[in-house]
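A look at the structure
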Amino acid sequence: KTGTAQESRTRGNHAFFISYGPYTNPEICVTVNIPYGYTSSNAAAVAKNVYRLYYGYTSLDEILNAGALRASNVVIGD
């Protein structure tokens, strides 16, 4: 489930994402809330890294050194 919550027109929206996996036999639940995170796709990108780390597809060092290259560039007021 994704969502954004607008608090003010002068600041970015709050980004929210909640999920579980795997679909058929859940063993992990991930919830991400980014205050002023602009869009839920930014929260989903964080959750994706949690799943990749949990299932061994990436390392913590890779995540920490990746930066915010994939973060959405949203202008306040969009």
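Computed from a predicted structure; not experimentally measured. (Residues numbered from 1 in each chain as written. Predicted model: local features only at pLDDT ≥ 70, side-chain atom pairs only at ≥ 80, totals over all residues. Heavy atoms only, no water.)

Another aspect to go through is the overall build of the protein. Looking only at helices and strands, one finds two helices and three strands in the protein. When the helices and strands of the protein are listed from N to C terminus, the series reads β-β-β-α-α. In the protein, buried positions account for 22% of the 78 residues. Here the contacts in the protein between residues at least 6 apart in sequence split such that 42% fall between residues at least 24 apart. When the accessible surface of the protein is summed, it comes to about 5700 Å², and 54% of that surface belongs to carbon and sulfur atoms. (Helix = DSSP H or I, 4+ residues; strand = E, 2+ residues; numbered from the N terminus. Buried < 20%, exposed > 50% of the residue type's maximum accessible area, 1.4 Å probe, protein only. Contact = heavy atoms within 4.5 Å. Areas by Shrake-Rupley, 256 points an atom, 1.4 Å probe, with all protein chains shown as cover.)

We now examine the pairing of strand β2 (residues 14–21). With seven bridges connecting them, β2 and strand β3 (residues 28–34) associate as antiparallel partners. Its bridge partner being in β3, Gly21 is matched across the sheet by Ile28. Adjacent in sequence and paired antiparallel, β2 and β3 are bridged by six residues. (Pairing = 2+ DSSP bridges.)

Across its 15 residues, helix α1 (residues 40–54) extends 21 Å between first and last C-alpha, which sits within 8% of the 21 Å expected from 1.5 Å per residue. Regarding α1, the residues found buried are Ser40, Asn42, Ala43, Ala47 and Tyr51. Backbone geometry just downstream of α1 places Gly56 in the positive-phi region, at approximately 80°. (Expected span 1.5 Å × (residues − 1).)

Ala15, Phe17, Ile28, Val30, Val32, Ala43, Ala47 and Tyr51 form the largest nonpolar core, which has eight residues in total. Breaking this core down by element, the ones donating at least two residues are β2, β3 and α1. (Core = buried A, V, L, I, M, F, W, Y, C linked by side-chain atoms within 4.5 Å.)

Another point: the environment of Ala47. Looking at where Ala47 falls in the secondary structure, it is placed in helix α1. Sequence-wise, Ala47 and Val32 are 15 residues apart; in three dimensions their C-alpha atoms are separated by 6.5 Å. Ala47 has contacts with Phe17, Val30 and Val32, leaving out every residue within four places of it along the chain.

For the rest of this paragraph, the subject is the confidence of the model for the protein. Looking at the protein as a whole, its pLDDT mean stands at 83, while 79% of the residues score no less than 70. The least confident element of the protein is strand β1 (residues 2–5), whose mean pLDDT is 67; the most confident is β3, at 94. (pLDDT = per-residue confidence, 0-100.)

A cluster of nonpolar side chains, namely Leu53, Leu60 and Leu64, defines an oily patch on the protein surface of about 290 Å² accessible area. Along the chain, Leu53 falls in helix α1. Judged by relative accessible area, Leu53 falls into the partly exposed class, the value being 36%. (Patch = residues over 30% accessible without salt bridge, like charges linked within 9 Å, V, L, I, M, F, W, Y side chains within 5 Å. Salt bridge = Lys/Arg side-chain N within 4 Å of Asp/Glu carboxyl O.)

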